[in-house]
Structures are given as structure tokens and as C-alpha cells.
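# Analysis of the macromolecular model
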Amino acid sequence: MLIVMKSSATEAQTAAVVRAVEELGFKPHAMPGALRTAIGITGNQSPIDPSRFETLPGVAELIRVSKPYKLVTLDFRSQKTVVRVGDATIGGDELAIIAGPCAIESRSQALAIAETVRKSGARFFRGGAFKPRTSPYAFQGLGEEGLRILAEIRETYGLKIVTEALDETGVDLVERYGDIIQIGARSMQNFTLLRRAGKSSLPVLLKRGLAATLDEWLLAAEYLMSEGNYQVILCERGIRTFAQHARNTLDLAAIPAVRRVSHLPVIVDPSHGTGKNYMVTPLARAGVAVGADGLIVEVHDQPAQALSDGAQALNLDQYESLVSEVRSIHDALAPAAVT
Ligand code: PEP
Ligand code: MN
């Protein structure tokens, strides 16, 4: 259930409703908006009796939520969420660009790429220190050493660091060295990991699972939010289909579909979404045109030598062209066209 407060409700009235929710043993999520505050209730296994709340001062209406999720919805928060990392944003007016190698392979590799990423004006640097690889014999990432390299990049270039946590210990480490916790496609339904990341003070980039429906993806985001972390970014990264011409099928219809129900920012990953270098730029353009809040793109200074995902990595020149192209597409879109 969502409790919507009157626009005239006082802070004390909102606090009293929050207390009433807590007294029932449930968790209140108060979300102030431009016009009114909504209070989401989680932790209840069965419907809540509305009579407990409807007479409390300041309460405008009670909305019974029929969907399986509530905090991710536009009912809970009618304005878009803007995720903030220092002075960089995802979901606001600027097109967020997150770029870097699939994996941090060495200090020199990562710094060479970061130099170009910084020069492009992107605010975020990506790179895996812990890699979820299909084969146990494939390069698994440098671990904490990779995170130390990322921390150096943050220090040197002022880029915000986006990096994956594979497990709860990984979240502890990303909290120490990074700025945004990436939860990978293969981990989208790792519920203990989601709960741990939901307790973090860092934003979470939640990739869509390889075979996840929209509802399952939003429910994974709901796990994060139900633990109190409202700084969630969704990422469409392609799903498994019968198509064989690409590594995955980038489901761009997911962007307007998410927009219709959720206030969360949503970005596109044209790298994993296609798996092929020549498809990355066309799908990046399409992702921005369809209204994504940003892109996460894999870039390598020597794609042919990459230890993971070399086939989809852009080289530095290709990356620079991509950024200027997608920026002009973003600038050409009237704000109204992408909502
Ligand atoms: C990655 O970003 O390198 C990655 C492993 O992504 P995904 O979880 O989408 O496969
Ligand atoms: Mn990758």
C-alpha cells in the first residue's frame, strides 16, 4: 500500500504516519515529491487494513498496489529519479556515459583507456575487477588489485568508478574503492547480494538478467529499494533469444516500457547487447534515440589483445566518434520526446 499525504501535510503529520507504520512492524519509505510526500509500506505479507491510516491527519489517499512492486513505480514517486554521484548525474538532463574496458587487466591498460574516457567528457569509468565468466578457466579479474587501479583512476582523472560486485564481500570492497556498485546480468536474482547492495550508501547499477522479464527486473530493483537504497539505475544489456547474428538481443522496447511504470533511470549497454564491435555504435545511437538516460560502453586501447570481451570493445577512436554522435542525438531530442 502507498499512503499519499496531502500537499498541505506538515512534517509532524508525515512523521506520525511513519511511526504508525513502524508500530505495525512494517517498514515505511517516505518519498517527498514536488507536490506531495508518498509513504510506501514494505514488509507486510498480506494486505494492510486501510482504516488504520485513512483517518490520520494529513493523509490524502491510500493506494492499494496491485502490481508486485511498489517502490519502483510512478505511483510512489511521480518524478524521475536522478542518481547523483558528486556532481555527476544519471537520469537528469545530461546523457550519462560510462565507459572503460570489460576488465581491468593492468595499470597501464586501464590508465591509457581512462585518459581517452576523460577527454571525451564522460563522467564515469567502468572496469571489472571481479569478472563473472562463463568458464572457470577464463580470466577472472585482478580482484582487489584491480580496485586499487580504479581508485587511482578516480584520483587522477576525477572519473566516477562503476564496478561489479559478485558477492557480499565484493560489495564491501566496492564500497571502499568505487562509486557505483554494478550488479551483473548473471547476478540479477542473487537475492542476498541484492539485499546487501540495498543497504549500501552507494548507487547500484542493476543489469537486466539474460532471461528476465520486465517484472522480474523491476522486482530485483524493488529488493534494493526495499532495503532503503533508492539510488538505483536500470541497465538493458540484451537478452537471450533464438537470434544468432548477435551475442544477445538488445531489447530497446524495454526503455519506454520501464518509463511507463518506473521513475528509475534506465541506461543501455550496446556492448553486451550485441557482442560485436560493428554493432555497438549503431545500437548506441538507437539507445539514446529511444530515450535512454545514458550508455555503458566497453572500450579498449588494444581490443585484439583484450583478456575479456575483445570482440565487442571499441577502440579509442571509435569510442570518441561514438560519444560525439550520441551527444548530438541527445541534444537534438526535445525533453518531451523522451518521456
Ligand atoms: C560486464 O559489464 O562486463 C558484464 C559482465 O556485464 P553483464 O553482467 O551484462 O554480462
Ligand atoms: Mn564485458
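Structural notes, computed from the coordinates. (Residues numbered from 1 in each chain as written. Chains lettered and ligands numbered in written order. Predicted model: local features only at pLDDT ≥ 70, side-chain atom pairs only at ≥ 80, totals over all residues. Heavy atoms only, no water.)

It is worth spelling out the overall build of the chain at this point. Across its full length, the chain carries ten helices and 14 strands. Taking 339 residues into account, the globule formula puts the C-alpha radius of gyration at 20 Å, and the chain, at 21 Å, falls close to it. With the C-alpha coordinates of the chain rotated into their principal frame, the extents come out at 65 × 40 × 40 Å. Residue burial in the chain is summarised as follows: out of 339 residues, 53% are buried. Look at the contacts in the chain between residues 6 or more apart in sequence, and 69% of them connect residues 24 or more apart. Element-wise, carbon and sulfur atoms account for 51% of the exposed surface of the chain, whose accessible area totals about 14,300 Å². Mean positive and mean negative side-chain charge positions of the chain (36 and 37 charges, respectively) differ by 2 Å. (Helix = DSSP H or I, 4+ residues; strand = E, 2+ residues; numbered from the N terminus. Rg over C-alpha atoms; globule rule 2.2 N^0.38 Å. Buried < 20%, exposed > 50% of the residue type's maximum accessible area, 1.4 Å probe, protein only. Contact = heavy atoms within 4.5 Å. Areas by Shrake-Rupley, 256 points an atom, 1.4 Å probe, with all protein chains shown as cover. Lys, Arg positive; Asp, Glu negative; His and termini not counted. Charge placed at Lys NZ, Arg CZ, Asp CG, Glu CD.)

With that out of the way, let us pick up the coordination of the manganese ion (ligand 2). Here the manganese ion (ligand 2) is held by the protein donor atoms Cys102 (SG), His272 (NE2), Glu298 (OE) and Asp309 (OD), which lie 2.1 to 2.4 Å from it. Mapping the donors of the manganese ion (ligand 2) onto the primary sequence yields the spacing C-x169-H-x25-E-x10-D. Of this pair, Cys102 sits in the loop between strand 7 (96-100) and helix 3 (107-119) while Asp309 sits in the loop between strand 14 (294-298) and helix 10 (316-332); the two residues are 207 residues apart in sequence, bridging distant segments of the chain. Each member of the pair, Cys102 as well as Asp309, carries the same accessibility label: buried. (Donors = N, O, S within 2.8 Å, 3.2 Å for Na, K, Ca; no water.)

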